[in-house]
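Here are the chains, one letter per residue:
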Amino acid sequence: MRATAKKASKSARLPVGKGTRAARAGVVIVTAAKSTKMLRTSSPPMQPIVAPEVPMHLHKYQVGETVYYTSPTFGRAAASGSYTVVKLLPSEGDDYQYRIKSSGEAFERVAKESQLDRA
């Protein structure tokens, strides 16, 4: 008789409409967790060998090299002339970019590879 009193008190504590019928009756349902199979090998696991990525195209000009800059025909007109490559920049689409500087200017420009020629 005492066991039924405990069950009744447990079910009385559950909010109305919450839980399953088995939970309200005081029945505990245990489900087994999914087990994953482990592979056992005689040797320790190895990382796959990854070949280093080889860039398809390298920069045509190097830092310190003197180049001739041709300003674009559209937009602002820039001073065409001899410039020194200051920094190699990543590509924008198909063209690599360079930071270039003229000895007659106090600032640097960004130019696409297609705008430069060997001086």
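Since the structure is predicted, the reported quantities are computational estimates derived from the model, not experimental observations. (Residues numbered from 1 in each chain as written. Predicted model: local features only at pLDDT ≥ 70, side-chain atom pairs only at ≥ 80, totals over all residues. Heavy atoms only, no water.)

1. With respect to the pairing of strand E1 (residues 66-69)
Side-chain alternation along E1 places Val67 and Tyr69 on a buried face and Thr66 and Tyr68 on a face that remains uncovered. Relative to strand E2 (residues 81-92), E1 runs antiparallel, the two sharing 4 bridges. In the strand pairing of E2, threonine 66 is matched with threonine 84. The sheet contact formed by E1 and strand E5 (residues 116-118) spans 3 bridges and is antiparallel. Across the sheet, residue valine 67 finds its bridge partner in E5, namely arginine 118. (Buried < 20%, exposed > 50% of the residue type's maximum accessible area, 1.4 Å probe, protein only. Helix = DSSP H or I, 4+ residues; strand = E, 2+ residues; numbered from the N terminus. Pairing = 2+ DSSP bridges.)

2. Here we look at the packing of aromatic side chains
Within this structure, the stated rule accounts for 2 aromatic pairs. For the pair tyrosine 61 and tyrosine 98, a centre-to-centre distance of 5.6 Å together with 65° between the ring planes defines the contact as edge-to-face. Taken together, the positions of tyrosine 61 in the loop between helix H2 (21-24) and E1 and tyrosine 98 in strand E3 (residues 95-101) put the pair 37 residues apart, joining distant regions of the chain. You can call tyrosine 61 buried: its relative accessible area is 0%. (Phe/Tyr/Trp six-rings, centres within 6.5 Å; stacked < 30°, edge-to-face > 60°.)

Note that all results are geometric; they support no functional claim without further evidence.
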